[in-house]
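Descriptive analysis of the structure
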Amino acid sequence: MSGWSSTDPATLALDPRAVARNRNLRAVGAMALLVLGFLLFWPTTLSLIEQWEDTIRRSYTHGYLIVVMSLWLVWRNRSDWSQVEIRPSVLACVGVLAASVVWLIAYRAGIRIAHQALLPAMIFGAFIAAYGFQAARRNWLPFAFLYFAIPLWDAINPLLQSLSSWAVRMLLRTVGIPVFFSGNTFTLPEGSLEIAGGCSGLHFLIVGIAIAVLYGEINRDSLWTRVKLVALAALLALLTNWVRIFIIAVAGHVTNMQHYFVTKEHYSFGWVMFAGTMVIYFLIVRRWPAAPEPSIEAESVPKSGPVSWRGASLAAVSLLVAPLWLLADNNTIPTDQLPRLLPASLQGWSVEQSAADDWQPVFAGNDVTQRVRYSRQAHAVEGFAALYADQHQGKELVSFTNSVTGETLTARQRGAGPGEWMAVEATDSRGDRWLLWYAYRLDDRWYRQSVSLQVQYGVKSLLSAPLSAVVAFRTRCQDEDCAAARDLLREMTTSLASSDGR
């Protein structure tokens, strides 16, 4: 027997109730470990809950159910590993600790999908640390099932949109409805419809595959049968979405775009169709010949109790280090120590501390905003800087919601400027043209690539409090190619480099 156990093997041999209790306690321990992982890595859990409760995209609203089903699968599998000897793994503990460091970097860097994807793997690693690799081989699926609730699936969404566009184009042309496609938008004689990200069928696909995996596990099907189950579910889910979009398009065509599916909503209609598809799915697969995998011969007496002190300690250490590190060291610069990034004076320029109402860059959660207007004769350059004393989820320098142009300017062209600077040509509501240059800064180093900056920030924030910021300048384009504006901004950025010692 490995380590301390709560039930002596001799007792188990004499008392069948002790055997059942030992089996149930093991399952409860594994379930508690799964729940504990979600609680300890609460920042990741909160980010997942945000997507599980997203009623706009709705691609992961099944998330809560996936977690419940994973817990149920752990409980259901309790007999499969009740006789397995518990052999805690130091190697697994070390692996989870290494993953925890990566989790810290990803969380502090604001790379949401990275720390979300690590969570189920770290929980499973803690299970291996507590119970051993032999137990893990009997229980990997309940933990892997959690990935149906992780937004990794978004990576295939563009592909699904393209497939849907192609399929709907073929269906409409088959029935003779004239249609013109431009990307994922198609135009009928009566109006246009778009196959947006939420209409790609991703949600149907994830749920369909999850149902197929669950069905195969419940029936203990062979590997080949499970592959066929998943393939059929994926095909039917895609076909359902294609037919759904086709029906909506036909409804819009015959009603001059006045049908309920076009003017109100078609989300419920899609799920009614999907439910009908799953009925057809089960009618098909229940006729397949059963070919279960060979059952595992179980010994009459377990070789060890439900848990060991050593295993519990390894699991606790592996899961606690990152949350305690995050709690003990927030690595935040005091706001009164944040430096001034925009020069307060420049030779040959007059400086005015003011902000233009028609340029309001958006960088959510920044701790200090600096605005300066530099003037010289008929020329003016406006400077903007947003400084972050720290970063974390929801308070990130680089985010899809952040914008150097803000809501008052419309970007017309983006490209690379000199060195680390990025360039944007934009217009305002009056039609005036502007040239903007911007760059990111981490401590004393400047970056053009935002991903590289965020990763570096995550690494440095483990042991220090790095400064992160964005600096931007804009000036009006006086000529067709913005050449004069480009010269002004080059002069301004060169002065900035000289002022901070770059």
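Relevant structure appears above.
Notes on the structure in this doc start here. (Residues numbered from 1 in each chain as written. Predicted model: local features only at pLDDT ≥ 70, side-chain atom pairs only at ≥ 80, totals over all residues. Heavy atoms only, no water.)

1. Concerning the overall build of the protein
- Scanning the protein for helices and strands turns up 16 helices and 11 strands.
- Viewed in the frame of its principal axes, the protein has a C-alpha envelope of about 95 × 65 × 30 Å.
- Per-residue burial over the protein gives 48% buried out of 502 residues.
- Taking all contacts inside the protein whose residues are at least 6 apart in sequence as the whole, residues at least 24 apart take part in 73%.
- Accessible surface for the protein amounts to roughly 23600 Å². Of this, 61% is attributable to carbon and sulfur atoms. (Helix = DSSP H or I, 4+ residues; strand = E, 2+ residues; numbered from the N terminus. Buried < 20%, exposed > 50% of the residue type's maximum accessible area, 1.4 Å probe, protein only. Contact = heavy atoms within 4.5 Å. Areas by Shrake-Rupley, 256 points an atom, 1.4 Å probe, with all protein chains shown as cover.)

2. Observations regarding the state of the cysteines
- Using the criterion set out here, one finds 1 disulfide in the structure.
- One disulfide bridge connects Cys477 with Cys482, the sulfur atoms lying 2.0 Å from each other. Here the disulfide of Cys477 and Cys482 is right-handed, its torsion about the S-S bond being about 105°. (Disulfide = S-S within 2.5 Å.)

3. Quick word on a nonpolar patch on the surface
- On the surface, Val35, Leu39, Trp42 and Leu46 cluster together to form a nonpolar patch covering roughly 360 Å² of accessible area.
- Secondary structure elements with two or more residues in the nonpolar patch: helix H2 (16–40) and helix H3 (42–52). (Patch = residues over 30% accessible without salt bridge, like charges linked within 9 Å, V, L, I, M, F, W, Y side chains within 5 Å. Salt bridge = Lys/Arg side-chain N within 4 Å of Asp/Glu carboxyl O.)

4. Topic: the side chain of Gln454
- The topology assignment puts Gln454 in helix H15 (residues 450–460).
- Those residues in contact with Gln454, other than ones at most four positions away along the chain, are Ala109, Gly110, Gln391, Leu397 and Val398.

5. Digging into the packing of aromatic side chains
- A complete count under the given rule lists 25 aromatic pairs for this structure.
- Between Trp52 and Tyr64 the ring centres are 5.2 Å apart and the planes differ by 70°, which places this aromatic pair in the edge-to-face class. Highlighted residues: Trp52 in helix H3 and Tyr64 in helix H4 (residues 63–76), separated in sequence by 12 residues.
- By relative accessible area, Tyr64 is classed as partly exposed at 37%.
- Look at Tyr260 and Phe261: their rings are 6.4 Å apart centre to centre, the planes differ by 65°, and that puts the pair in the edge-to-face class.
- Within the aromatic cluster, the residues linked to one another by ring pairs are Trp81, Phe124, Phe127, Tyr131 and Phe143.
- Positioned over the ring face of Trp288 is Lys228, at 5.0 Å from the centre of the ring.
- Geometry around Trp434 places Arg474 over its ring, the cationic atom sitting 3.6 Å from the centre. (Phe/Tyr/Trp six-rings, centres within 6.5 Å; stacked < 30°, edge-to-face > 60°. Lys NZ or Arg CZ within 6 Å of the ring centre and 35° of its normal.)

6. Digging into the side chain of Thr240
- As for its placement among the helices and strands, Thr240 is situated in helix H11 (residues 223–254).
- For Thr240, the contacting residues outside a window of four places in its chain are Met273, Phe274 and Thr277.

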